[in-house]
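# Working through the structure, step by step
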Amino acid sequence: MEREQRDEVRRRKIIHIDMDCFYAAIEQRDNPAIRGQPVAVGGAGRRGVLCTASYEAREFGCRSAMPGFKALELCPQLIIVPVRFEVYRSVASQIRAIFGRFTEQIEPLSLDEAYLDVSHWETSPGAIAREVRMQIFEETGLTASAGIGPNKLLAKIASDWRKPNGQYEVTPEGVAEFMHDMPVAKLWGVGKKMQEKLHALGIYTCADMQKWDKFVLAQRFGKWGAELYDVCRGVDHREVSSSRTRKSISKETTFSENVSRVQDLLPEMAEMVEEVKKSVEKKYSDRGVKSMVIKLKFDDFSQTTIERVATAPDFKLGKELLIEGWKRGGQKSVRLLGVGVKLADEGDDSQMELGV
Ligand SMILES: [Mg+2]
């Protein structure tokens, strides 16, 4: 079984396409007056936050998620233009149509990023990536970067290597070398806090992490620790899951201590609803939602799921479902809360009601 799995992974050819400064690049494309200038897309004024900054603006240190006023301090001549999501969405669907000429296995991560599984082609994945990028440029006037690798993890890291308008390929033979000096900060899921913990253990690069035993990593960092053991070796078995086949999106939280009062679950639930909402908007805006689901696991390990028709994840509805489920479960302490939505099928009637 393990042998088979390894061979399967070896055969996989994954491309991660990432558009260069997508929103800002579209604004510069559509308005010649701001080409070559530091441009950011986002809300202006003190309360606004930048979504994307052009490369000219990045040279001044302007970054996405930065408040507008801070960006203007760094770069007083910065031109902040309002977001035009309808335009970005329509360019994104143009780009998806191009992807569709090469594969059906497309997993969008956001409007400007996607994984393509091109394992079925004899052609080298690098050549396919070059062709995809060329067609994108010819048809939209925008540049994209690509990472190519035997799995999603490697392809995603590699797409950053030759940005902008470039591509980098990690071959199955080159994985060990590629990962060796990689800072752990580059790994998916390793945020600031995790980085600090790892640095405290003397783990700075993947080579440092590779010296650690799987069991010890799992003990220190839980399930994620066991995954890190694979991740730092460039091993990743996740499949490219196309949005067409995806049925639902959900988030789960297991509490370190069981929660006995249902109202104490609400702040956590509010955050989870927002996360699910963001995920739907980013990846599945073309699909729409058909129902909302709340899942509860209790201190005696029994569980219950409550589902109701909905067109979007919503806190108020979530609260109703939560209370209903909690009562149904006998008002016991809660150890796990799940918030999710079921996605509408393509061509579903509920989609027409949504007008998408
Ligand atoms: Mg991008």
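One can find the structure itself at the top, above this paragraph.
First, a word on what this report is: a plain description of the structure on this page. (Residues numbered from 1 in each chain as written. Predicted model: local features only at pLDDT ≥ 70, side-chain atom pairs only at ≥ 80, totals over all residues.)

## Let's talk about the sheet that holds strand β6 (residues 113–117)
Stated precisely, the cut-off is as follows: Paired strands, as defined in this entry, are two strands with at least two bridges between them according to DSSP. Numbering goes from the N terminus for both helices and strands, where a helix is a DSSP run of H or I of at least four residues and a strand is a run of E of at least two. The convention used is that axes are lines fitted to C-alpha atoms, helices contributing only their stretch in contact, and that angles between N-to-C directions extend from 0 to 180 degrees.
Pairing is mixed across the open sheet formed by 5 strands, whose spatial order is β5-β6-β1-β7-β8. Of all the strands in the sheet, the pair left with one neighbour each is β5 (106–110) and β8 (167–169). Averaged over all pairs of adjacent strands, the angle between strand axes in this sheet comes to 15°, irrespective of strand direction. Pairing between strand β1 (residues 14–19) and β6: 5 bridges, direction antiparallel. Residue pairing for β6: His16 is matched across the bridge by Tyr115.

## What about unusual backbone geometry?
For clarity, the cut-off: Here a residue counts as buried when 20 or more other C-beta atoms sit within 10 Å of its C-beta, as exposed when there are 12 or fewer, and as partly exposed otherwise, the C-beta atoms being derived from the backbone.
Residue Pro164 follows Lys163 across a cis peptide bond; omega there is -10°. Within the element layout of this structure, Pro164 appears in the loop between α7 (152–158) and β8. Of note, Asn165 is a non-glycine position whose phi angle comes to about 55°, a positive value. Here Asn165 is to be found in the loop between α7 and β8. Here Asn165 falls in the partly exposed class, since 13 other C-beta atoms lie within 10 Å of it.

## Section: the sheet that holds strand β3 (residues 50–53)
This is how it is decided: Residues are scored as being in contact if the C-beta atoms we place from backbone atoms lie within 7 Å.
Reading across from one edge, β3-β2-β4 is the order of the 3 strands in this open sheet, with mixed pairing throughout. The sheet is open, and its two edges are formed by β3 and β4 (79–81), each paired on a single side. The sheet shows a mean angle of 30° between the axes of neighbouring strands, direction not considered. Note: strand β2 (residues 39–42) against β4, 3 bridges, orientation parallel. Bridging from a neighbouring strand, Val39 pairs with Ile79 of β4. Strands β2, β3 and β4 of the sheet are contacted by helix α2 (residues 22–30), whose axis makes an angle of about 115° with β2.

In short, shape yes, function no, at least from these values alone.
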